[in-house]
Amino acid sequence: MALKLSEKPRVLIVGGGYVGLTVAQQLQKKVKAAGGVVTLVDPLPYMTYQPFLPEVVGGHIEARHAVVPHRKHLKDTEIITGKVTSVDHEAKVAAIGLDDGESVEVPYQDIVMAAGATTRVFPIEGLAENGIGLKTIEEAVGLRNHILERLETASVMTDEAAKKRALNFTVVGGGFAGIECIAEMEDIIRAAVDQNPRLAQSDVRIVLVEAMGRIMPEVSEEQAEGVVEHLRGRGVEVLLNTSLGSAVDGELTLISMKDKSEVDKFAADTLVWTAGVAANAVARSSSFPVDERGRITGSATLQILNENGEVIEGAWTAGDIAAIPDLTGAGPGGFCVPNAQHASRQAKVLAKNLFSVRFASGEISEYKHESLGAVAGLGLYKGVGNPMGVKLKGVLAWAAHRGYHGMAIPTVERKLRVAGGWVNEMIFGRDVTPLRDLEDPTKAFVEAAGGKKKTASK
Ligand SMILES: Cc1cc2nc3c(=O)[nH]c(=O)nc-3n(C[C@H](O)[C@H](O)[C@H](O)COP(=O)(O)OP(=O)(O)OC[C@H]3O[C@@H](n4cnc5c(N)ncnc54)[C@H](O)[C@@H]3O)c2cc1C
């Protein structure tokens, strides 16, 4: 039986993250009233509020509250849970792989390419088998549980080498995500160790590896140095000009970026990789031109451009998948950096322009946005940032971080759920309980039934 789809002229949105959710919110009613339909395709049934992933690792935010469900908040949008595998813009058709293994071809009038970015990974031996990223809610939940589980298990280990390995925690990548992640990890590790009389803080080793000579390019050098000092003060080993050479069987080899000599070698059960992002590969599976970094080339009006720099009719893009000119001149190489600040604002301009071109006067505007600065949370009551150019650190920066993101997460319902969780934590304290067997939830039942797990039939 064929997938039931609307026959109305379609605005097809590829990706329901920052850009996709916002464009759908802005357009769904207007397009419906104009006789069309907005269709959103995403393999996930929700938008992930990625700036909250470190707080999910830290346990300040309940995982479900850091995502915004599409169906609840996009009532006038046709939703397809699936993955766009190719786009033929000449035929105006997108191929979508569905969860049940089937695929469907969906025709459209306008397309919005908004599939964001994926973790940028280098071919380092053992990394894929032993590492974890921090780009999805599942990774944040898995990482939190893994850390807490390793601590609990280490506390009953009698094999010293295995215990040491369990208590070695390494993050590669000193950008915003990596720094927020290691700071939250340090916080939660210390709190869990404090609760466990069989562990001492000195048993734990927490290492940050950064290939450049500095961390956090989004803040000033002075602030970045302050963060390095702050983390070192908390017992985190910050290794600059250093990279991961190999991670085979969880044996990490760190090498100097200066002379490629070995800096350190140790075994670790926890390896987090946050060394940047790359435009989603679906860009290359489309008929649109991409730049040398695999990004779809867009104009300041958020329209996709052909090889000659001309606007392609009915084709739009924004966010991390796109190379959009930064008209303020501040962006590296003249393009907007891949962040939520740009993604959510570009989405609003895109929605307005698309509607105007397809259904109204045709008048469009260019996207231009002066950065509001950046602010990072570094664990409970700790932070750093330069919102609106004002240098902040400590509790003020932390409050600014929470204030900004608490307001920025889409929908009032999610804002209140997140804020409610923060209040609960203030009242009841930090929760460091690991959930066991998340990857094998039928284990208890199989044991109780005395049976063997059925292997999935193909
Ligand atoms: C840990 C972390 C912390 C961050 N903190 C900040 C911060 O503090 N401030 C800030 O400004 N930015 C921050 N960012 C960056 C910000 O989250 C991104 O720039 C933003 O999400 C980009 O929005 P987007 O819509 O382009 O992509 P996304 O929000 O990533 O959405 C892309 C969507 O496309 C879907 N998709 C993927 N492939 C397909 C496909 N083939 N077909 C259909 N759908 C597909 C995905 O499932 C996803 O839902 C952070 C990022 C991370 C990872």
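Residues numbered from 1 in each chain as written. Predicted model: local features only at pLDDT ≥ 70, side-chain atom pairs only at ≥ 80, totals over all residues. Heavy atoms only, no water.

Under an unreviewed UniProt entry, the chain has the name FAD-dependent oxidoreductase and belongs to Nesterenkonia sedimenti. Per UniProt, the chain has the following entry under Sequence similarities (unreviewed entry): "Belongs to the NADH dehydrogenase family." (UniProt positions renumbered as here; feature names shortened; annotations may be inferred.)

Colleague: Before we move on, could you go through helix α1 (residues 18–33) and cite the residues and values that matter?
Modeller: The first and last C-alpha atoms of α1 sit 24 Å apart over 16 residues, in line with the 22 Å expected at 1.5 Å per residue. Maximum bend of α1: about 45°, positioned at Leu27. Every buried residue of α1 is accounted for by Tyr18, Val19, Gly20, Leu21, Thr22, Val23, Ala24, Leu27, Gln28 and Val31. Once α1 ends, the next one or two residues include Gly35, with phi positive near 95°. (Helix = DSSP H or I, 4+ residues; strand = E, 2+ residues; numbered from the N terminus. Expected span 1.5 Å × (residues − 1). Bend = angle between axes of the 7 residues up to and from the residue. Buried < 20%, exposed > 50% of the residue type's maximum accessible area, 1.4 Å probe, protein only.)

Colleague: So what's going on with the site of the ligand? Residues and values would help.
Modeller: What surrounds the ligand is a group of 30 residues, the closest being Val19, Asp42, Asn280, Asp320 and Ala340. One nitrogen or oxygen atom from the main chain of Tyr18 is found 3.1 Å from an oxygen atom belonging to the ligand. Its free accessible area being 1,000 Å², the ligand has 89% of it covered by the protein chains. Secondary-structure elements contributing two or more residues to the shell around the ligand are α1, β2 (37–42), β5 (77–88) and α9 (340–359). (Near = heavy atom within 4 Å. Polar contact = N/O pair within 3.5 Å; in protein donor to acceptor, adjacent residues only side chain to side chain. Areas by Shrake-Rupley, 256 points an atom, 1.4 Å probe, with all protein chains shown as cover.)

Colleague: Give a description of the pairing of strand β1 (residues 10–14) that names residues and reports values.
Modeller: Within a regular strand, the side chains alternate between the two sheet faces. Of all five residues in β1, five are buried; the element is thus mostly enclosed. Of the two faces of β1, both are covered, the one formed by Arg10, Leu12 and Val14 as well as the one formed by Val11 and Ile13. Bridging between β1 and β2 involves five bridges; their strand directions are parallel. Looking at the pairing, Arg10 lines up with Val37 of β2. Here β1 runs beside strand β8 (residues 110–113); their pairing, made up of four bridges, is parallel. Residue pairing across strands places Ile13 opposite Val112, the latter belonging to β8. (Pairing = 2+ DSSP bridges.)

Colleague: Describe in detail the layout of surface pockets, supporting the description with residues and values.
Modeller: Here the second largest pocket defines a volume of roughly 500 Å³. Taken together, 21 residues form the lining of the second largest pocket, with Gly59, Ile61, Glu62, Arg144 and Asp431 sitting closest to its centre. Counting only elements with at least two residues in the lining of the second largest pocket, the list comes to α5 (137–154) and α11 (412–428). For the lining of the second largest pocket, the element with the highest residue contribution is α11, accounting for five residues. Of the residues in the lining of the second largest pocket, the class split is seven nonpolar, eight polar and six charged. Lining the lining of the second largest pocket are residues from two domains, each supplying at least three of them: domain 1 (10–119 + 278–359) and domain 2 (127–275). (1 Å grid on protein atoms, 1.4 Å probe; cavity = no way out; pocket = protein on both sides within 12 Å on 5 of 7 lines; lining within 4 Å. Points joined across faces, edges and corners; volume = space filled by probe spheres on them. Nonpolar A, V, L, I, M, F, W, Y, C, P; charged D, E, K, R; others polar. Domains from an automatic or database assignment.)

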